[in-house]
Amino acid sequence: MVLSMNEFNIYLSGALTGFTLDKQLKWRNELIELIKSNTTRPVRFFNPPKHFSPSTNNHLTEREVMEFEIERLHKSDLVIVNLNYPKSIGTAMEMAIAYDNKIPILGLHRCSDELHPWLGLSCNRIFKDKKELSDYVITNYLYD
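What counts as what
Residues numbered from 1 in each chain as written. Predicted model: local features only at pLDDT ≥ 70, side-chain atom pairs only at ≥ 80, totals over all residues. Heavy atoms only, no water. Helix = DSSP H or I, 4+ residues; strand = E, 2+ residues; numbered from the N terminus. Buried < 20%, exposed > 50% of the residue type's maximum accessible area, 1.4 Å probe, protein only. Contact = heavy atoms within 4.5 Å. Pairing = 2+ DSSP bridges. Axes fitted to C-alpha atoms, helices over the stretch in contact; angles between N-to-C directions.

## Quick notes on the side chain of Asn-47
For Asn-47, the location among the structural elements is in the loop between strand 2 (43-46) and helix 2 (62-74). Residue classification places Asn-47 among the buried residues on the basis of a relative accessible area of 3%. Excluding residues within four positions of it along the chain, Asn-47 makes contact with Leu-25, Arg-28, Asn-29 and Ile-32.

Pasting the structure below:
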């Protein structure tokens, strides 16, 4: 997949294991719609469960999934992470990689004081709802 220099690339991170594909996609699709419907700037979202999901088991090895997702993460301009299920090792690893590569991280979490301090400190900012988060992304990252 070739990325356009004009497109802003957002990686949607969050727990997958233990959830149906519908549940994995629900918050991501809602956020995509909120952002896309309120900006004219081209935005490309990397939505991991659309490619590989534990509920569909459409991969041969976990390494295949990990390398594919890390490669996409490195090409992202912003990471949005759903922290409402903070025990996901993959999510924590994605956050560490983004943090180490100076890719901004915005969190979505109902109650930020329940997070492990390192998860909270890895985020540039944490929001309690998708609308507030999407408004912030549009205003601060997708301005014309």
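Past the structure itself, the notes keep going.
## Here we look at the sheet that holds strand 1 (residues 8-14)
Here five strands make up an open sheet; going across it, the order is 2-1-3-4-5 and the pairing parallel. Each of the sheet's edge strands pairs with one partner strand only, and the pair in question is strand 2 and strand 5 (125-127). Adjacent strand axes in the sheet meet at a mean angle of 25° when their direction is disregarded. In the sheet, strand 1 pairs with strand 3 (residues 78-82) via five bridges, with the strands oriented parallel. Following the sheet pairing, Tyr-11 is matched in strand 3 by Val-79. Lying on the sheet, helix 1 (residues 21-36) is in contact with strand 1, strand 2, strand 3 and strand 4 (105-108); it crosses strand 1 at an angle near 155°. In this fold helix 2 packs onto strand 1, strand 2 and strand 3, with an angle of close to 155° to the strand it touches most, strand 2.

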